[in-house]
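# Fold and contact review
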Amino acid sequence: MNELKELARHVLEVARAEGADDVVTEAINSSIAQVRFSNNQIDCINSWNEKHVALFVAVGRRIMSTDLRALDSKDSLARELVALAKKAPPSKIYGGIAKGKFKYRPGKIDKRIVGLSDPSKYVLDAIEGAESAGANNIGGTFYVRHGRNAIASSGGAFGSDESASVDLSVRAFVQPEASGHAVCCAAKLSDLDARGIGEKAGEMGVRAKNPVQGEEGKMDIIMEPLFLGSVTQSTSHMMSAMSVEIGASMYAKKIGKRVASNEVTFVDDPTITSTSRRSYDHEGVPTRRNVLIKDGVFKTYLHNTSTAKRFKTKTTASAGPLIPTANAMAAQPLPFHPVLTPGDWKLDEIIADTKRGLYFNNTWYTRFQNYSTGEFSTIPRDAILRIENGEVVGSVKNIRVSDNLMNLWKSVDALSKAAEEVYWWDEASPPSTLPIARATGMNITRSS
């Protein structure tokens, strides 16, 4: 780890010597192993090992960032980035980086994950579990991740962190239109029940057999954590101050206002044990638990140093990655690990209490007609179960939830006691810890 810290500090010093006023560097060393499976058998095993440095520089208000991959040329590339920053137009939104003396709480990793030599065993267990439940076509992915990183900034940040996790995704078919999906995300190998995840996916597939065209109209919906993970992705990103500024959030001017039912307390907590735990944000500010919605009332946006200055508040330690993406600017405030506080219901009680509704296993294609008002639709996939008078009476297909996202949160009237961490593809991302939730009177339309 000391090697990464020295690498981060070295690149920082090179950029500073070249004339940068503000500098943040992150030296990253990651390894990922993937086992992919389909048609009930393993069809691909991959691994990636990467070492690189994310570098952000500012000359006055002129900013630039890059990802240094050719580390043999890191000094010249860092100097070149500073030279480019000097020629860039001043940023109208840059407000500096965090400054201070920071102390970090490094996380503990499960060394059994780091030393895992045969990840295929867990995939075979998952396939066997799904087959035993009645599935006949099973596919998915299993990832083993280990990451080490170090950060250094001209604002005083200097530290290191380490993470290790596994995530298993199993999709099990019983018929071409009858499938179930289950995931397990764990920072401890002992929390991975691969066979149990396979069984869960297979059981949902069996319950989804012989689906009929779903009805349109108002219905109560019961959402598994995987479905809710997609909804949470959209919700938590709208809590970024940057989303509010660009008009892509339904939470503009909502601080102190009711935005959900009394049942809903929503936080972003990267400090708990999870697959996305981290000790500091990408400016080097120690992470913390941020309460975003308390008993249905909106409390705060997610901030980095720049947005905090514009909103006349303090950073929430939510600065995102230094390297811009198609959907985010450098260090844009982002959620790390959303958590919806569980309730006191058992799943059986929620179903028994539902007169006319639908039970959703998963969803995708969550899209917005209007981000600022929250008008959206999402297409449930995998098991969609129909509930009448407190009992599951069959399965349906080809439906869409077409409603308003804030209305969904205001309509939540039941949350399960149990919660689980979910992460899947780009739909349920970032990883989040969620219970099962019921929202009443949601609008259902046909999807085709």
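Before going into details, it helps to say that this report is about the structure given with it. This one's a predicted model, so the numbers in the text were calculated from it and none came from an experiment.

### Some words on the pairing of strand β6 (residues 178-186)
Where burial is concerned, most of β6 is hidden: nine out of the nine residues are buried. Burial along β6 is two-sided: the residues A178, G180, A182, C184 and A186 and S179, H181, V183 and C185 are all buried. Of the strand pairs in this sheet, strand β5 (residues 158-175) and β6 are connected by nine bridges, and their pairing is antiparallel. Along β6, the bridge assignment pairs V166 with A186. Taking the residues between adjacent antiparallel strands as the criterion, β5 and β6 are bridged by two residues.

### Some words on the pairing of strand β15 (residues 391-397)
Judged from the two bridges that link them, strand β7 (residues 212-213) and β15 form a sheet pairing that is parallel. Looking at β15, one finds that V212 is bridged to V396. The pairing of strand β14 (residues 375-388) with β15 spans four bridges and is antiparallel. Looking at the pairing, E388 lines up with E391 of β15. Counting the residues in the hairpin turn of β14 and β15 gives two residues, including N389, whose phi is positive at 50°.

### Overview of helix α6 (residues 225-238)
Between its first and last C-alpha atoms α6 spans 19 Å; for 14 residues at 1.5 Å apiece the expected length is 20 Å, and the two agree. The sharpest bend along α6 comes to roughly 30°, located at V231. Counting buried positions over the 14 residues of α6 gives 13, a clear majority of the element.

### Remarks on helix α2 (residues 74-87)
With 14 residues, α2 should cover 20 Å at 1.5 Å per step; its first-to-last C-alpha distance of 20 Å lies within 8% of that length. Every buried residue of α2 is listed here: A78, L81, V82 and A85. Angular distribution of buried residues about the axis of α2 spans 95°; they occupy a single face of the element. Here the buried face of α2 lies against α1 (2-17), β2 (41-59) and β3 (62-68).

### So, the packing of aromatic side chains
Following the criterion strictly, the structure yields 12 aromatic pairs and no others. Measuring from ring centre to ring centre gives 5.7 Å for F56 and Y94, while their planes differ by 50°; the resulting arrangement is tilted. Of the two residues, F56 sits in strand β2 while Y94 sits in the loop between α2 and α3 (111-114), which places them 38 residues apart along the sequence. F56 sits in the buried class, given a relative accessible area of 6%. On the numbers, 4.9 Å between centres and 20° between planes, the contact of F368 with Y371 is stacked. In textbook terms, an aromatic cluster arises when at least three aromatic residues are bridged by ring pairs, as seen for Y251, F298, Y301 and F311.

About the thresholds
- Residues numbered from 1 in each chain as written.
- Predicted model: local features only at pLDDT ≥ 70, side-chain atom pairs only at ≥ 80, totals over all residues.
- Heavy atoms only, no water.
- Buried < 20%, exposed > 50% of the residue type's maximum accessible area, 1.4 Å probe, protein only.
- Helix = DSSP H or I, 4+ residues; strand = E, 2+ residues; numbered from the N terminus.
- Pairing = 2+ DSSP bridges.
- Expected span 1.5 Å × (residues − 1).
- Bend = angle between axes of the 7 residues up to and from the residue.
- Arc of directions from axis to C-beta.
- Contact = heavy atoms within 4.5 Å.
- Phe/Tyr/Trp six-rings, centres within 6.5 Å; stacked < 30°, edge-to-face > 60°.

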